[in-house]
Structure formats: structure tokens, C-alpha cells
Amino acid sequence: MIVMKFGGTSLQDVESIRRAVDIVAKQQDRNPLVVVSAIGATTRDLLHLGDLALSDSVDAARVSLASVAQRHRDILGELNGRPPDPSAGDKISAYVDDITRLLQGISLLQEFTPRTQDAIIAHGERLSSLLFVTAARDAGLDAVSIDAGGVVITDARFRAARPDREELGRRARNTIAPVIAENRIPVVEGFIGATPDGVTTTMGFEASDYTASLLGAALNAAEIQIWTDVGGMLTTGHAGVDDVMSIRELSFDEAAEMSFFGAKVLHPNTIEPAVDKNIPLRVLHSACPERKGTTIFGSTSNTRGVVKSIAVQDEVVVVRLRSPHATPIHRAFWSIGETLDRHEVSTHLVASSGRRAVLVVAASRQLDRVLAELEQTLELSPSEHGVIVSLVGEDVGATPEIVSRATSAIEDVLILTAPYGASDTSVSFVVRQENADEVVMKLHTTFFDKDVRPGVFVRMEGKTRS
Ligand code: ADP
Ligand code: MG
């Protein structure tokens, strides 16, 4: 079997949904399992409903909810031709009622907790799954909707739930495998799960990719396909760069490093389940399905020391610390880590020397509290906001020539920090936000303009990434 995941940008309207169904139909003989994200920006819209119920009124939120529902009803109306399935419209109404009750609760209690957020936003995937199944049946496919909450069992960390992979595996084999064995096509909501006692959770924004790889690993898929709005993993996803190319092959390490450093085409957790079972991942363009896209697997041949991509992680903060007296900073490592963990602030880069350390962490609301706590035992310099620009490729971090080419290409730019040597697979520079475009462009020109290895990259037509 194979897994085929379609992102929100690939399921925006009737045309794109039909195109996705067509892509599935063409691979029907490979026993596909389909994972869907919410259509377009539905997740964001649903979250906004809760904010409206909190700050304005249930009525205001219901007006917005009506437009979300209508968007789905319109699509359903166009799809639901042959033969019409009256229960589909009823299901949308039931979801709307459910959301309305939650909005009333939010307004009444004046709180919109992560648990309630999950209860609301999970409907985005339920709605899109309904549309996809309808479209697939319209096209003559034997599609079956599978409730992700019955399979993807997670802990109760709402908005960032972690799956119980053993239980997920058992349930996938018990409930999904028999459907596939009957040559039917299971359609599963991405991103969402449930606690063992059935409370809805979500695994973090963009986690549908993760659902796809979890299910692929559980069912020993031959391949996991991520269908999106670009022609594969690109030499950069940063806007405004000319001559962006698609990368033909990446190793698991390279892809993991790219997503860790901000290439949002893949959710960072996606790689691990695929690695465990050595299942190739493919990133493909849903509007141009004939393109080869990018294949990610165990290791790539002959491209060690080649820069494959430039990843950009926006909105990071550079925190500089100094331990008081003559204490080496490493004695504070444990408590720094514990503080960051407790406030759920993630760290991208760390370096230290003697009494000093620099941390590059994700900008977040909790950071102020982290800094206040650290300040009780350590001296802090004012922190600076920036972006991380990373060159990614196997052995790139261990190739001095690449580092020197990169630094000379951007010698005019102030580098806030560039901790070096921790990873063989990347070299990262932290620069101010206003320098990001210039840095990415210069590095892209340096590493991708001339002498590009044939067969490693595929040029895109024109300047578009599509
Ligand atoms: P989906 O709705 O399919 O999940 P996403 O928006 O999550 O789509 O991911 C696709 C987007 O990821 C692209 O449109 C692109 O803007 C962005 N992106 C960032 N870095 C890269 C990269 N290196 N290669 C491809 N896309 C990238
Ligand atoms: Mg995505």
C-alpha cells in the first residue's frame, strides 16, 4: 500500500479536490490510503471563531462560522451530483451544531483552552474528509471515511499532542488494513487524534504530514507521498529568489534538517516514522502531478558536501547569557534546559564558551517568563530578534570550503551568531530580519547558479516555483 497526503493548498476548491481525486485514481492499483488536511485556511478561520466568541459575542462568531460552513456546502453542492448523498449535508449541519455549542461554552466561561481549541479546529479536517470522500465516490472510487480519533491515539497535550505509536499501529492494522485488503480507499483526517478516552486532540499546525508518515509506518507502506503546491523540496522556499530549483533526491537527514530549520513543506516530525521503517517519502506537486518531485530516502549517492537547500527559520531570538563569578556556564546548562522545557520554548541553536553562552530560540509569548527566570541566576544581555538562514546538505557542516564561500558571499552583513560544528548536515547564520532577503539571495546565487550538479537539481520553468 501507499499513503497519499493532500495539504490544504491542494484542496482549496472543487477543481483542486477533483484533481486530487484524479491523482488517487491513477494509483488505485497501489492500494492508496489518503490523508487530508483542512481545505485552504479553514484551521485558521476556526481558531478565529473561538477568539470572536471570547472577545466579541457568540453571534459574531456564528456569522463567521456560517461562512466557513457555506464554503464547504458550496463545494459539496457541486460535487454531490451522482448520486446525491443527503447525509453529507446533514453531517455538515451536525458539525456546525457541535461548533456552535463549543462557542457558547467559550463565551459563557470566558476561556478558550487548548482542549476546546482542538475540539473546534479538528472539524476542519472532518469537513475536508467529507468532501474528499464525496468527490472520490463521484469519480467512481470506493472511498471510505475513517475517523482519525479512533486510530491516532495521543496523549492529552492539546494542540501539540504526541501519538502512542504502538496503539496507533495496533488500531491501524485492525481498522484500516482490512479496508485496504478489500481494495477500498480509506480517507483519514490528518492532524487530529484523540486521547485513549476519546477526547479530540491535534498534533500541532501542519501535522497532517506527520499523520501520513505515522500511518505509513504503521502499515508498512511502500511509499509516502506528500502532495502540495510546489514541485518538491526546493533549493529555497524563501520568497523572491529567482531560479529556484527542485531537488531530485534528499536523504532522510537532509530533509529532517531542512524542516527543522524552517522548510515548512514538511512538518519536522514527518521524517522519523519513515526512517524507522525505511519508507521513501515523496514530495509532489498536486497541480503538476507528472513532475517527479523530490524523493527522500535512506541516503543519497555522490552528493556529500553539496549544498542542497537554503532553509529560513523566521522569528527567532538570540539570547546571550553569562554566568556570574568565575563559574563555567556549563554548570547552568541543566537549569537553562529545564526552564526552556517547562515553558515549552524550543531551541534552534546553542553555543558556549567559558562563562558565556548564546541560545537561539523560537520567539514566543512565554519567552519573557523564561528570560525573567534565567535572570535570577545568570547575567543576560538584551536579546535580539532575527532569522536563521541555514545551508543544508550531507557533510556541508563538515566542509570548511563551504563555510568560507558562504561567509565571503555575505561579508557585508552583520551576523548575530553562527554556532558552527554541531551538525554535519548544516551551517547556520543568524541575521537580522531586514537582512534575510539579501542573505538568502546571495547564498542562493553562490551555491546554485554555476556548476550545478546535473541530475541533482531540476530547474523550474520561469521564475515561479510551480
Ligand atoms: P500544504 O498545504 O500542502 O501542507 P504547506 O504550505 O504546508 O503546504 O507547504 C508548502 C510550502 O512550503 C510551499 O508553498 C513553500 O512556500 C514552503 N516551503 C518552505 N521551504 C520550502 C522548500 N525548501 N521547498 C519547498 N517548499 C518550501
Ligand atoms: Mg503543510
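Residues numbered from 1 in each chain as written. Chains lettered and ligands numbered in written order. Predicted model: local features only at pLDDT ≥ 70, side-chain atom pairs only at ≥ 80, totals over all residues. Heavy atoms only, no water.

**Student:** I'd like a rundown of the overall build of the protein chain, residues and numbers included.
**Tutor:** Looking only at helices and strands, the protein chain has 13 helices and 19 strands in total. Taken over the C-alpha atoms alone, the protein chain extends approximately 75 × 55 × 40 Å along its principal axes. The 466 residues of the protein chain split such that 53% are buried. Long-range pairs, those at least 24 residues apart, make up 77% of the contacts in the protein chain with a sequence separation of at least 6. (Helix = DSSP H or I, 4+ residues; strand = E, 2+ residues; numbered from the N terminus. Buried < 20%, exposed > 50% of the residue type's maximum accessible area, 1.4 Å probe, protein only. Contact = heavy atoms within 4.5 Å.)

**Student:** Give me the lowdown on the pattern of salt bridges, citing residues and values where you can.
**Tutor:** If you walk through the whole model with that rule in mind, you get 25 salt bridges. Residue E254 is joined to K308 by a salt bridge in which the shortest nitrogen-to-oxygen separation is 2.9 Å. One end of the pair, E254, is in helix α8 (residues 252–260); the other, K308, is in the loop between β11 (294–297) and β12 (309–322), with 54 residues separating them in the sequence. By the burial criterion, E254 is buried, and K308 matches it. What you see here is one network of salt bridges that share partners, running through R30, E223 and R282. (Salt bridge = Lys/Arg side-chain N within 4 Å of Asp/Glu carboxyl O.)

**Student:** How would you sum up the environment of V431? Please name residues and give values.
**Tutor:** Structurally, V431 can be placed in strand β18 (residues 426–431). Put simply, V431 and A363 are 68 residues apart on the chain and 14 Å apart in space, counted from C-alpha to C-alpha. Not counting residues up to four positions away in its chain, the partners in contact with V431 are G386, V387, V389, V413, L414, I415, L416, A436 and V439.

**Student:** Let's hear about unusual backbone geometry: which residues, and what values?
**Tutor:** At N31, a position not held by glycine, the phi torsion is positive, near 55°. Mapped onto the elements, N31 comes out in the loop between α1 (14–26) and β2 (32–36). Backbone geometry places D395, a non-glycine residue, at a positive phi of 70°. In this fold, D395 is placed in the loop between β16 (384–392) and α12 (400–409). The partly exposed category is assigned to D395, whose relative accessible area is 25%.

No statement about biological role is implied by the geometric values presented.
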